[in-house]
Structure formats: structure tokens, C-alpha cells
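So the chains spell out like this:
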Amino acid sequence: MRCLIELSGECLDLATAEALSVCSIADKAVRSESDGRALLVTGNIDPKILVSRLGLAWSVSQHLFSCKPGEIDSRLDEIALPGNTFRVRTSRLGSRHSPNDGVGLAKHAGEILSARYRVDLENPDSELRILMANEIHAGILTGEIDRSSFEARKPENRPFNHPISLHPKLARALVNLTRAGDGQILLDPFCGTGGVLLEAGLIGCQTLGGDIDERMVEGAAKNLRHFSIRPIEIRKADISEWSENQGRVDAIATDPPYGRSATTAKEPIGALYARAFSACHDALREGGRLAIALPAEKHVGLAKDFRLEGMYPVRVHRSLTRYFCVFSK
Ligand SMILES: C[S@@+](CC[C@H](N)C(=O)[O-])C[C@H]1O[C@@H](n2cnc3c(N)ncnc32)[C@H](O)[C@@H]1O
């Protein structure tokens with residue numbers, strides 16, 4: 001199966017890594033080609049899983065062809081669409097194409113295909129999705145990522161709110177970077193208001209969380225209940241207590257305090273992170289992954305026993321960049 005993924009424009013490297021991580025759960029040998037926000041992946045992949053899991057993407061299609069703009073007519077003549085009715089939607093990815101190019105291409109493709117299929121703009125049997133990046137990429141739409149559901153889970157829309165929480169799209173990406181599969185145990189030892197656990201629970205992980213602050217533990221439990229997620233456990237715990245889990249955790253996704261609004265209980269940040277890496281290493285099973293949002297690149301060196309698999313800077317605002325890092329044990 002070859003899938004065409006329309007990535008979100010924000011943090012493109014992270015969006016690409018997230019998509020490839022989800023593909024790798026089913027097929028470790030997945031192959032990929034990038035054309036800016038258009039990502040082509042080939043392997044044993046279920047496109048519906050990509051639609052339900054990705055945070056930093058807009059749509060997923062079954063790839064039909066990629067070509068230069070001048071070649072589109074002949075390529076459209078060759079394709080077969082499922083069913084009798086269709087519609088065409090175009091997405092301009094980047095500034096290379098003007099809005100008129102998108103409208104014009106949709107109209108042109110519609111005219112060519114209407115020789116063989118009937119247009120139905122409301123409820124078609126298939127939607128041809130054309131992504132306009134450096135090249136033109138076309139596929140049959142499997143589904144669009146439900147971006148409104150991420151907005152609906154924003155911190156201010158949850159029963160317990162605190163400004164420390166990541167946007168749900170970024171929390172979902174952090175979870176996906178761990179490659180945790182359905183039913184696997186995912187731990188967030190700095191769970192705060194539960195934003196990461198919420199995203200992990202929604203994709204079918206069994207969740208385990210802790211925080212040193214009792215108010216956060218109660219608030220996170222309340223937030224998870226609100227979205228019908230039942231964790232294995234959320235408890236008041238210092239990070240080092242998770243060492244006791246001795247290889248029983250499949251994945252860890254976490255957003256530790258970074259020394260600003262989120263408290264470190266007066267502990268120097270370097271000392272806290274060194275303890276965190278050590279406890280996470282103890283808790284994770286062999287081959288498991290830790291995805292962690294760090295406030296500076298320099299902290300990566302504290303993860304002595306782990307292998308760094310990738311690092312993706314995410315600009316939160318002008319003076320704050322977080323580095324989403326993935327480590328494997
Ligand atoms: C940046 S916040 C986590 C935000 C979280 N991702 C959310 O969605 O709300 C970091 C959390 O780490 C907790 N924390 C600080 N020191 C800790 C420690 N030693 N052990 C466990 N948790 C700690 C803080 O109470 C805070 O809630």
C-alpha cells in the first residue's frame with residue numbers, strides 16, 4: 001500500500017517524524033519520500049490508522065500518481081476511481097501555487113474525469129485529493145484528520161485547566177513518537193493536567209501517570225474521566241519512584257517541568273532531568289521508546305543510557321523553543 005499524507009505546515013520535521021513513527025508500528029521497513037508537506041509512504045500500512053492517530057497532519061489518501069504539472073492530463077486518463085461518482089479537492093502546499101491554480105486544477109481534473117464518472121459534490125463514492133507541492137500528487141481520500149476534535153480538547157476546554165499543558169496536537173505527536181501500539185502501556189511520570197495521557201488513552205494505550213503535585217494528580221484524573229479514559233493508575237509520585245516499574249512499561253511520553261511556570265520543587269533542572277532519564281530507563285522495557293519535550297538541546301547529554309533516535313525543535317513562542325526528542329532503550 002502506498003499512502004499520500006498531507007502534513008500540517010507547522011513543525012514539518014516533527015510532523016514527518018510522527019507520521020513515519022506511526023507507519024513503523026505496523027511495518028518497520030516502511031519507505032518514504034518527502035515533497036514538503038506531501039509525504040509518500042510505502043509499506044504494510046493501514047491508512048485508516050493514520051487518519052485516527054496523527055496529530056500533525058490534515059489528510060490521508062491512497063496514492064494514485066505523482067507527476068509534473070504538465071503531465072496531469074495523461075495521468076488522469078489512466079486512473080480508475082472506485083464507484084460511479086466523484087469530486088475533486090485540491091490543496092496548495094506552500095506559496096509556489098496561487099489560489100487560482102488550485103481552483104483551476106480542480107475544475108480541469110473534474111472535466112477530464114467526468115468523461116468516465118459522474119460529479120457529485122455532496123456525497124461522492126470517491127474523492128480525488130490532489131496535493132500541489134513541488135510536484136503534483138494525487139490519491140483517493142481515505143479520510144481527513146479530525147482537527148476540530150483536537151481543538152475541543154485544548155486545555156481551556158477541559159474541566160481542570162493549567163497553562164503548563166501542551167496543545168493536544170503536540171501531545172499526540174509526542175505519544176506517536178514512542179510508537180506505542182494499541183493496548184500497550186504508556187507512562188507519563190510528569191503528567192500535570194493529563195494532556196499526554198489523554199491523547200495516549202484516545203488511541204487505545206493503557207495509561208499510567210504520576211506527578212509530584214497532588215492537585216495535578218486530581219486534576220488529571222478529572223480530565224481523563226471527562227473524556228471517558230480510564231487509566232491503569234494516576235498517583236502522586238516523584239519521578240524516581242517509577243524505577244520500581246523495572247521494564248514493565250512499553251513507552252514513555254512526557255513533558256517535564258522546564259524551569260519557568262512548571263514547578264521543579266526548587267531542584268536544579270539538570271539534576272531533575274538526570275534523575276528522570278535514569279528512572280525512565282529503569283521503567284522502560286528493552287526496545288521501548290521515550291519521547292520527551294526538553295527546553296534546551298544541552299539536556300540531551302544527560303540521557304546517558306539511551307540512544308537518541310531524533311530531535312525536532314518546536315517553536316512555542318518567540319522566546320521558547322522545545323526540543324521533542326526520541327530515545328530508545
Ligand atoms: C510541564 S508540566 C507537565 C504538563 C502536562 N504535559 C500537561 O498536559 O498538563 C510538568 C509537571 O511535572 C511535575 N513535577 C515537577 N517535579 C516533579 C518530580 N520531581 N516528579 C514528578 N513530577 C514532577 C509538575 O508538578 C508539573 O505538573
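A separate point is the overall build of the protein. Secondary structure summary: the protein contains 9 helices and 15 strands in total. For the C-alpha atoms alone, the extent of the protein along its principal axes is close to 70 × 35 × 35 Å. For the protein, the proportion of its 329 residues judged to be buried stands at 43%. Sequence-distant contacts in the protein: of pairs separated by 6 or more residues, those separated by 24 or more amount to 71%.

Turning our eyes to something else, we now look at the sheet that holds strand S15 (residues 320-328). Taking strand neighbours across the sheet as the criterion, the 7 strands line up as S11-S10-S9-S12-S13-S15-S14 in an open arrangement whose pairing is mixed. In this open sheet, the two edge strands, each paired with only one partner strand, are strand S11 (233-236) and strand S14 (307-317). Each strand of the sheet is rotated relative to its neighbour by a mean of 15°, with strand direction disregarded. Bridging between strand S9 (residues 185-188) and strand S10 (residues 206-211) involves 4 bridges; their strand directions are parallel. Counterpart to Leu 186 in the pairing with S10 is Thr 207. Of the strands in this sheet, S9, S10 and strand S12 (249-254) are in contact with helix H7 (residues 195-202), which crosses S10 at around 175°. In the packing of helix H9 (residues 269-283) onto the sheet, the strands contacted are S9, S12 and strand S13 (284-294), and the crossing angle to S13 comes to about 150°.

Glancing now at the sheet that holds strand S1 (residues 2-7). The strand order across the open sheet built from 8 strands is S2-S3-S1-S4-S8-S7-S5-S6, with neighbouring strands paired in mixed fashion. What marks the edges here is a single partner per strand, and that holds for strand S2 (31-35) and strand S6 (118-119). Summarising the sheet, strand S7 (residues 126-132) and strand S8 (residues 136-144) pair through 5 bridges and their orientation is antiparallel. The residue of S8 that forms the bridge with Met 132 is Ile 136. Contacts from helix H1 (residues 12-26) reach S1, S2, strand S3 (38-42) and strand S4 (57-67), with the element oriented near 150° to S1. The strands that helix H4 (residues 99-113) touches are strand S5 (85-92), S6 and S7; relative to S5, the one it contacts most, it runs at about 155°.

Taken together, 24 residues surround the ligand, and among them Ser 165, Phe 190, Gly 192, Thr 193 and Gly 195 come closest. Grouping the amino acids of the shell around the ligand by side-chain chemistry returns 13 nonpolar, 7 polar and 4 charged.

Let us now look at the packing of helix H6 (residues 168-177) against H7. Their axes nearest at 8 Å, the elements H6 and H7 cross at an angle of 65°. Every pair of crossing elements has a handedness; the one defined by H6 and H7 is right-handed. Contacts between H6 and H7 involve Pro 168, Ala 171, Arg 172, Leu 174 and Val 175 on the former and, on the latter, Gly 195, Val 196, Glu 199 and Ala 200.

Accessible area lost during the coming together of the parts is what is often quoted as the interface size. Its domain assignment divides the protein into domain 1 (2-145) and domain 2 (148-328). Here the C-alpha centre of domain 2 lies 32 Å away from the C-alpha centre of domain 1. Of the residues forming the side of domain 1 that touches domain 2, the biggest block, 8 residues, is contributed by H1. Counted by class, the side of domain 1 that touches domain 2 contains 6 nonpolar, 3 polar and 3 charged residues.

This part covers the nonpolar core. If you look at the biggest cluster of nonpolar residues, it comprises 89 residues, and the most contacted ones within it are Ile 5, Ala 19 and Leu 174. Broken down by element, this core gets its largest block of residues, 7 residues, from H1. Two domains each provide a minimum of three residues to this core, namely domain 1 (2-145) and domain 2 (148-328). Ignoring any residue separated from it by four or fewer positions in sequence, one finds Ile 5 in contact with Ala 19, Leu 39, Val 41, Leu 50, Ala 57 and Val 60.

Pairing between S2 and S3: 5 bridges, direction antiparallel. Paired with Asp 35 across the two strands is Ala 38, which belongs to S3. Between S2 and S3, which pair antiparallel one after the other, the connecting turn spans 2 residues, and Gly 36 there sits at a positive phi close to 60°.

This brings us to the pairing of S14. Here 9 bridges tie S14 to S15, and the two strands are oriented antiparallel to one another. Looking at S15, one finds that Leu 308 is bridged to Phe 327.

By secondary structure assignment, the location of Ala 17 is in helix H1. Ala 17 gets classed as buried once you count the C-beta atoms within 10 Å, which come to 22. Each C-alpha atom, one on Ala 17 and one on Gly 301, is 21 Å from the other, the two residues being 284 residues apart in sequence. Beyond its immediate sequence surroundings of up to four residues, Ala 17 is in contact with Leu 177, Gly 310 and Tyr 312.

Definitions and cut-offs
- Residues numbered from 1 in each chain as written.
- Predicted model: local features only at pLDDT ≥ 70, side-chain atom pairs only at ≥ 80, totals over all residues.
- Helix = DSSP H or I, 4+ residues; strand = E, 2+ residues; numbered from the N terminus.
- Buried ≥ 20, exposed ≤ 12 C-beta atoms within 10 Å, placed from the backbone.
- Contact = placed C-beta atoms within 7 Å.
- Pairing = 2+ DSSP bridges.
- Axes fitted to C-alpha atoms, helices over the stretch in contact; angles between N-to-C directions.
- Near = placed C-beta within 6 Å.
- Nonpolar A, V, L, I, M, F, W, Y, C, P; charged D, E, K, R; others polar.
- Left-handed = near helix turned anticlockwise from the far one by under 90°.
- Domains from an automatic or database assignment.
- Core = buried A, V, L, I, M, F, W, Y, C linked by C-beta atoms within 7 Å.

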